[in-house]
Amino acid sequence: MSEQSGILTTRPLVARPGVWLSWGIVIFFFVNLAALVGSVVVSSLSDHWFDTWWPVGFRPQNYTQAWHDYALKDVLTVTLEVSLAVVVISALIGVPAAYVLARRNFPGKRLVTLAFLLPILVPPIAYGIPLATVLYKYHLAGTITGVILANLVPSVPFVVLTMTPFIEQIDPKIEAAARMCGATTLSIFTRILTPLLIPGILAASVLVLVRTVAMFELTFLTAGNDSQTLVVELYHEMSGAGIRRPQTVDAEAVIYMLMMMVLLVVALRFVNPTQLVTRVAADKER
């Protein structure tokens, strides 16, 4: 809308065909996504839903039944134990490794960086089968310990790639001044760098937590009956033998979906996705 010589005129909304096509694809995607998620939610609350466009009746007790029939309390406990253990161990290994890569130049540094990148760039199923074979050989597969070890393979590189930019932003002169005052490397790392790196450690921990809860391939290949996380348990309930009410399985899927949505919201609060993508691209170019 413009005003020239006291005359009010309107400009027609004209867009290129490519813009309208892009918006159409985006709208089509989100409509289908909303329909898919909405159908699962509605089914989880229904009594039965066969050949009608809307469920015949509603039964919110499906969530209670799924909680007891699928022992979700034990499954969530295992999921929490595995995730927290992976987060703590990954931080203990990944933060010092990120510090070395950010501060030191040594022979074979590019090979070490490549070794950290491979578990992220390669699909988990590609190295998951050999990894599961090794764990079964040493009688670790089928236990919580084996699931934790398997999930550490991609988690430690995530910590390294997330923490390296945070460490590079800290002025090395701070460490040099501390050394001049007689501080050891351990005291510098624990008393000076760690407080400065707390935002990065939180970001890396949340990122690892989200990935561990969502990791299916490695957990599926190494988990036993008592060491399954929620995503693997959901798969077994969907494809396992026996008769199960689809509505209770959908209720379990909704519980998993809500948990992942909460974790993703928390992750986006602490982690900038472009930061990690930029870091991976920079390491690939080296």
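Scroll up to find the structure.
From a predicted model like this one, the values you see are computed outputs, not experimental measurements.

How would you summarise the overall build of the protein chain if you had to cite specific residues and measurements?
The secondary structure content of the protein chain amounts to 13 helices and two strands. Each of the 286 residues in the protein chain was classed as buried or not, and the buried ones make up 38%. Restricting to contacts in the protein chain with at least 6 residues of sequence separation, those with at least 24 account for 72%.

Residues and numbers for the packing of aromatic side chains, please.
Aromatic ring pairs are described here by two measures, namely the spacing of the ring centres and the angle between the planes. Within this structure, the stated rule accounts for seven aromatic pairs. Their ring planes at 75 degrees and their centres at 5.3 Å tell us that Phe-29 and Phe-30 sit as a pair that is edge-to-face. For Phe-29, a relative accessible area of 48% corresponds to the partly exposed category. Each ring, one from Trp-53 and one from Trp-54, has its centre 5.8 Å from the other, and the planes form 40 degrees; the classification is tilted. For Trp-53, a relative accessible area of 75% corresponds to the exposed category. Judged by relative accessible area, which is 41%, Trp-54 ranks as partly exposed. Pairwise contacts between aromatic rings join Trp-53, Trp-54 and Phe-58 into one cluster.

Please give an account of the packing of helix H8 (residues 185-196) against helix H9 (residues 198-214) that cites residues and values.
One way to put it is that H8 packs onto H9 with a least axis distance of 4 Å and a crossing angle of 65 degrees. As summarised for this structure, H8 and H9 are arranged roughly perpendicular, according to the angle between their axes. Contacts between H8 and H9 involve Thr-194, Pro-195 and Leu-196 on the former and, on the latter, Ile-198, Pro-199 and Ile-201.

Give me the side chain of Thr-79: which residues, what numbers.
Structurally, Thr-79 can be placed in helix H3 (residues 72-103). Here Thr-79 falls in the buried class, since its relative accessible area comes to 3%. A polar atom in the side chain of Thr-79 sits 2.8 Å from the backbone oxygen of Val-75. Excluding residues within four positions of it along the chain, Thr-79 makes contact with Val-213, Thr-229 and Leu-230.

Reading the values: the criteria
Residues numbered from 1 in each chain as written. Predicted model: local features only at pLDDT ≥ 70, side-chain atom pairs only at ≥ 80, totals over all residues. Heavy atoms only, no water. Helix = DSSP H or I, 4+ residues; strand = E, 2+ residues; numbered from the N terminus. Buried < 20%, exposed > 50% of the residue type's maximum accessible area, 1.4 Å probe, protein only. Contact = heavy atoms within 4.5 Å. Phe/Tyr/Trp six-rings, centres within 6.5 Å; stacked < 30°, edge-to-face > 60°. Axes fitted to C-alpha atoms, helices over the stretch in contact; angles between N-to-C directions. Parallel < 35°, antiparallel > 145°, perpendicular 65-115°, else oblique. Polar contact = N/O pair within 3.5 Å; in protein donor to acceptor, adjacent residues only side chain to side chain.

Worth remembering: the numbers are spatial, not functional.
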